[in-house]
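# Coordinate analysis (summary)
Here is what each chain is made of, one letter per residue.
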Amino acid sequence: MNPMNFLNDRFLGNTIESYVWFFGIILLGLILKKFLSKIITRTIFALFRRYGKRVGAEQFLNLMNRPFQLFIMIGIFYFAFDRLVFPTEWKLVPDNQFGVRLIIFRIFEGAIIFSLTWIVIRLLDFVALVLIARVKKTVATDEQLVIFAKEALKVISVGIGFFVLIGIVFNLNVVGLVTGLGIGGLAFALAAKETLENLIGSFTLFIDKPFIVGDTIKVGSTEGKVEGIGFRSTRIRAIDRMVVIVPNKKMTDTELINDTERISRRSNFILGLVYQTSEEQLRTILNEIRNVLISEELIEPDSIVRLKAFGPTSIDIIVNFHARTPDMSDFLKLQE
């Protein structure tokens, strides 16, 4: 008697050999998924090496490794389940009718669509990294524009994936669904009025470029350094180190001051002298202040040092000058 005949024994409509193949394929897939994922990822990267060399293969591998592992495991599970059949005694309906067969088949389809959408999103992340590496040497606003475009494309990709999912897995009429959304679009637009206004404000900010990430700005009562520009709002680190989230609609509707864009700072103050000061002392003081201002390289030559008025308790001298520095710390040091 051949000891291998037990492989032909049946259990729940399948031979022992079929179960061995089933678990063997899954086990092999679990062992090789990382290896196969790296091979696929490096092969794809090799096709676009000239474009992605600034970012590097490791970065591409880190982004794409998990999505490809999921895609590979879905394929492995599909081939593994193909080795098995449902027991006839379960009397399951065909896979074109609602039942266990159809549900399992739809789960596989949904998982494939999910993994492909995940791969597309990670590809967008990598393309954005490549573009950011290129624009870092040009204009800083281009980097933020790339990030904004990446997020917009990711939202579109997820939306397309969602409609494909419900169209294929749930067998719904996507065209009719989109048409229905178009009919209800007005109600949706009214409900999402604030969000749409902020989104339009975001586009306005990227087109006009009144500031970039890292600039110090003042909008309304908020003053601080810009840390990020998003779809709906701008993130500002205020002077007191608090994070302030300002809606982009307000950024475009309110008077905005970009402190970083200034080329100089103005100082204007009154110096009070006691009334016992003689005319000679007054002229000496005015000349000494003018000489101090002239000796400073950062101070514009159009400084004003004049006797302004006889105040209630002092002789008032006006000192007015412009310092060629946008930095507040340097300006205060110079003014001191």
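Scroll up a little and you will see the structure.
Residues numbered from 1 in each chain as written. Predicted model: local features only at pLDDT ≥ 70, side-chain atom pairs only at ≥ 80, totals over all residues. Heavy atoms only, no water.

## Structural notes on the layout of surface pockets
Approximately 380 Å³ is the volume attributed to the second largest pocket. Surrounding the second largest pocket, 15 residues form its lining, T216, E223, G224, K225 and I239 being those nearest its centre. Contributions of two or more residues to the lining of the second largest pocket are made by β3 (216–219), β4 (222–229) and β5 (233–238). Residue composition of the lining of the second largest pocket, by class: 5 nonpolar, 2 polar and 8 charged. (1 Å grid on protein atoms, 1.4 Å probe; cavity = no way out; pocket = protein on both sides within 12 Å on 5 of 7 lines; lining within 4 Å. Points joined across faces, edges and corners; volume = space filled by probe spheres on them. Helix = DSSP H or I, 4+ residues; strand = E, 2+ residues; numbered from the N terminus. Nonpolar A, V, L, I, M, F, W, Y, C, P; charged D, E, K, R; others polar.)

## Some details on the packing of aromatic side chains
Inspection of the entire model under this criterion finds 8 aromatic pairs. Arranged with centres 5.7 Å apart and planes meeting at 40°, the rings of F45 and F60 form a pair that is tilted. On the criterion of sequence distance, the pair formed by F45 in helix α1 (residues 16–47) and F60 in helix α3 (residues 57–81) is long-range, its members being 15 residues apart. With respect to burial, F45 and F60 carry one shared label: buried. Taking 6.2 Å as the distance between ring centres and 50° as the angle between the ring planes, the aromatic pair formed by F114 and W118 counts as tilted. Here W118 and F114 lie together in helix α4 (residues 100–135), a separation of 4 residues that amounts to about one turn. Here the aromatic cluster, defined as three or more aromatic residues joined through ring pairs, consists of F45, F60 and F126. (Phe/Tyr/Trp six-rings, centres within 6.5 Å; stacked < 30°, edge-to-face > 60°. Buried < 20%, exposed > 50% of the residue type's maximum accessible area, 1.4 Å probe, protein only.)

## Focus on α1
Counted at 1.5 Å a residue, the expected span for α1 with its 32 residues is 46 Å, and the 44 Å between its end C-alpha atoms agrees. The largest bend in α1 comes to about 55°, at L32. Every buried residue belonging to α1 is among S18, Y19, F22, I26, G29, S37, T41 and F45, and all of these are buried. (Expected span 1.5 Å × (residues − 1). Bend = angle between axes of the 7 residues up to and from the residue.)

## Re the pattern of salt bridges
For the structure on display, the rule yields 10 salt bridges. In this structure, D259 and R265 form a salt bridge, with 2.3 Å as the shortest nitrogen-oxygen distance. The same class applies to D259 and to R265, which are both buried. Each of D125, K150 and K154 takes part in a single network of salt bridges with overlapping partners. (Salt bridge = Lys/Arg side-chain N within 4 Å of Asp/Glu carboxyl O.)

## A word on the sheet that holds β4
Strand order in this open sheet of 5 strands is β6-β5-β4-β3-β7, and the pairing throughout is antiparallel. Lying at the two open borders of the sheet, with one neighbouring strand each, are β6 (243–247) and β7 (256–258). With direction set aside, neighbouring strand axes in the sheet form an average angle of 40°. Where β3 and β4 come together, 4 bridges link them in antiparallel fashion. Across the sheet, the residue bridging to V219 is T222, located in β4. (Pairing = 2+ DSSP bridges. Axes fitted to C-alpha atoms, helices over the stretch in contact; angles between N-to-C directions.)

## Quick look at the nonpolar core
Nonpolar side chains in soluble globular proteins generally cluster together in the buried interior. In this structure, L293, V305, I317, V319 and F321 are the most contacted members of the largest nonpolar core, which totals 14 residues. Elements supplying a minimum of two residues to this core: α10 (279–295), β10 (315–323) and α11 (328–335). Among residues more than four places away in sequence, those in contact with V319 are S267, N268, F269, I289, L293 and I304. (Core = buried A, V, L, I, M, F, W, Y, C linked by side-chain atoms within 4.5 Å. Contact = heavy atoms within 4.5 Å.)

## Focus: the packing of α1 against α3
At a minimum axis separation of 7 Å, α1 and α3 run at an interaxial angle of 145°. The two elements α1 and α3 cross, and the hand of that crossing is right-handed. (Left-handed = near helix turned anticlockwise from the far one by under 90°.)

## Some remarks on α10
One turn of an α-helix holds 3.6 residues; hence residues three or four places apart share an orientation. Over its 17 residues, α10 runs 24 Å from end to end, which matches the ideal 24 Å to within 8%, given 1.5 Å per residue. Considered for burial, the residues of α10 that qualify are L282, L286, I289 and L293. On an axial view of α10, the arc spanned by its buried residues comes to 65°, and they lie on one face. Within α10, the exposed residues directed more than 90 degrees away from the buried face are E280, R283, I294 and S295. (Arc of directions from axis to C-beta.)

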